[in-house]
Structure formats: structure tokens, C-alpha cells
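Coordinate analysis (summary)
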Amino acid sequence: MVSTFGSVTGKLARHAALVAALVLAGCSSVAEDETAGWDAQKLYSEAKSLMSKGGYDQAIKLYEKLEARYPYGRYAQQAQLDTAYAYYKSGEPDLAILSAERFIKLHPNHSDVDYAYYLKGLANFNEDLGVLGKVVDKDLTQRDPRASLEAFDAFRELIERFPNSKYVADSRLRMQYLVNTLAAHEIHVARYYYRRGAYIAAVNRCQSVITRYPNAPSHEEALLLLTASYDKLGLETLRDDTGRILRQNFPNSQYFSKGTTDWWKHWN
């Protein structure tokens, strides 16, 4: 009996020691979080410091802790906006957009909500879209212009809602770029259809460029492709009318350099 009692007490002692070790380990892990006693201002200032050094991932973690511990007040609101920027800078456009949209929804009357719209536009903005982009060996018909359209809408909404915002001038420039590249994308698709004999589809794309993207540089080629497509469809009146419009608007067009009456047949 003594031996059995000693064995039981030994097991209990070992179990108690194990529990104590686990408790101490837990306490140790809690103690390792140096931010445990930080207030909202401290969390925010440290996150901003990390942002200034390019430590966007670490800054995001601090912003998340700030919002979790102090969900109300100006620091939490600013943390939400800064999180959107941090995601944008760290190459996470989808998360940046979600963060910006969340800020807009939660704080529609915030003094910096125009910046949230601007960030949403920037995150969608893709400078490599269209034939003006740097990637020239990729079929643009396979590229989805949706992000560029969403960027355009975000910038447009910013300009309409906040005409005095300091981000308006840059937004206008980006919108013009987007108009030009979206038009160029449509022309690329129109060319694709034309060369495969889908002339009605080519006509529709060219008409879209003319009506949806006024003053875009691609108008010249849109009118040329429209003329050539009407010719293929046997619509001579529409062909001649479109040709006259092209000549009136672009009298020095390169497409007239062939010097033949059927100049539209030599564009490609």
C-alpha cells in the first residue's frame, strides 16, 4: 500500500509540475506581446513609424490591434484609412479596396473620406492595361478591363462628390489615361474581330470607342476600321459616310497615304 501511495503521489506531483509549466508558458507567451500595455496613441504612432520605414505588414498588425482594443475614437478611424494605404503599398490591391470601401461605409462624412475614394481608384488603377502598357507580347483580348473601369468610376465619384479635393487634379489625369487605354483595348479587340471576319462585332467595338470615349486618340483608327468593316459588309453608303468623317477630322491621317480610292483596304 505504501508503494502504491508513493506511486500515485509521484504521478500527481508530475502532473502538477506539467500544469505549472504550461501555465508559465502561457504567461510567457502573453508577456512576449510588448504592445499589451500600449494605449491607442502609442499603437498608432508606432504603426506610423513602421509605415514611414516601409514596414507595411508590421504596421497593419498594429493597426489591427489598435482597432480591436480601442474600436472607437479618432485613432481607430485613422487606423482603418491607413490600413487601406498599407495594403496598397504592400501590393495587396484587393485588400486595399476592401479596406477603403469599409472606411467609406463606416465614415461617409469623415473629413478624409475623399482620400478613401482616391485610394480605391489607385488600387484598381493598372498602368499596364492596353497597348500603351509595358507588356507587348500578351494578347490584350484576354485581359479583363474591369479593374480599369472600376478605377475610372472611383476617380469620377471622387471628382463629383468632392470637387475641391486636393486629389482631383491627379484623378483627372488618371481618368484620361484610363479613357485612352480602354479605348485602345476596344480597338485591339475590334482588330481581332475584323481579321477573323467578324465584321459586325468589329463595327460594334468601333462604335463603342466613338460614343463612350470621346477625344481618345484611338478615334482615328476606330473610324478607319469602321470604314473597312462597312466595306466588307457591302454597306457602301455607311462606308463612304464614315470615310468622309475620318477625312474631315483627320485630314493628314496616315491611312490616306496610299493615294488610292479604296484606301481603307490597305490599313493593315
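Scope of this entry: the structure provided in the associated data block. (Residues numbered from 1 in each chain as written. Predicted model: local features only at pLDDT ≥ 70, side-chain atom pairs only at ≥ 80, totals over all residues. Heavy atoms only, no water.)

Right, let's get into the pattern of salt bridges. This model, assessed by the stated rule, comprises twelve salt bridges. Across the pair Glu67 and Arg102 runs a salt bridge whose closest N-O atoms are separated by 2.5 Å. Placement of the pair is Glu67 in helix α3 (residues 56-69) and Arg102 in helix α5 (residues 93-106), with a sequence separation of 35 residues. Note that Glu160 is salt-bridged to Arg156, the shortest N-O span being 3.5 Å. Of this pair, Glu160 and Arg156 are both found in helix α7 (residues 146-161), four residues apart, which corresponds to roughly one turn of the helix. Note on Glu160: relative accessible area 55%, which makes it exposed. Several salt bridges converge on common partners, so that one network encompasses Asp153, Arg156 and Glu160. (Salt bridge = Lys/Arg side-chain N within 4 Å of Asp/Glu carboxyl O. Helix = DSSP H or I, 4+ residues; strand = E, 2+ residues; numbered from the N terminus. Buried < 20%, exposed > 50% of the residue type's maximum accessible area, 1.4 Å probe, protein only.)

To continue, consider helix α9 (residues 199-212). Over its 14 residues, α9 runs 20 Å from end to end, which matches the ideal 20 Å to within 8%, given 1.5 Å per residue. Within α9 the residues assigned to the buried category are Ala202, Val203, Cys206, Ser208 and Val209. Against α8 (168-195) and α10 (219-232) lie the buried residues of α9. (Expected span 1.5 Å × (residues − 1). Contact = heavy atoms within 4.5 Å.)

Next up on the list: the packing of α5 against helix α6 (residues 113-124). Put simply, α5 and α6 touch, their axes get as near as 9 Å, and they point 160° apart. Here α5 lies roughly antiparallel to α6, going by the angle between them. In the packing of α5 onto α6, the handedness of the crossing is left-handed. Between α5, through Pro93, Ala96, Ile97, Ala100, Glu101, Phe103 and Ile104, and α6, the contact on the second element is made entirely by Val113, Ala116, Tyr117, Lys120, Ala123 and Asn124. By residue class, the composition of the contact of α5 with α6 is ten nonpolar, one polar and two charged. (Axes fitted to C-alpha atoms, helices over the stretch in contact; angles between N-to-C directions. Parallel < 35°, antiparallel > 145°, perpendicular 65-115°, else oblique. Left-handed = near helix turned anticlockwise from the far one by under 90°. Nonpolar A, V, L, I, M, F, W, Y, C, P; charged D, E, K, R; others polar.)

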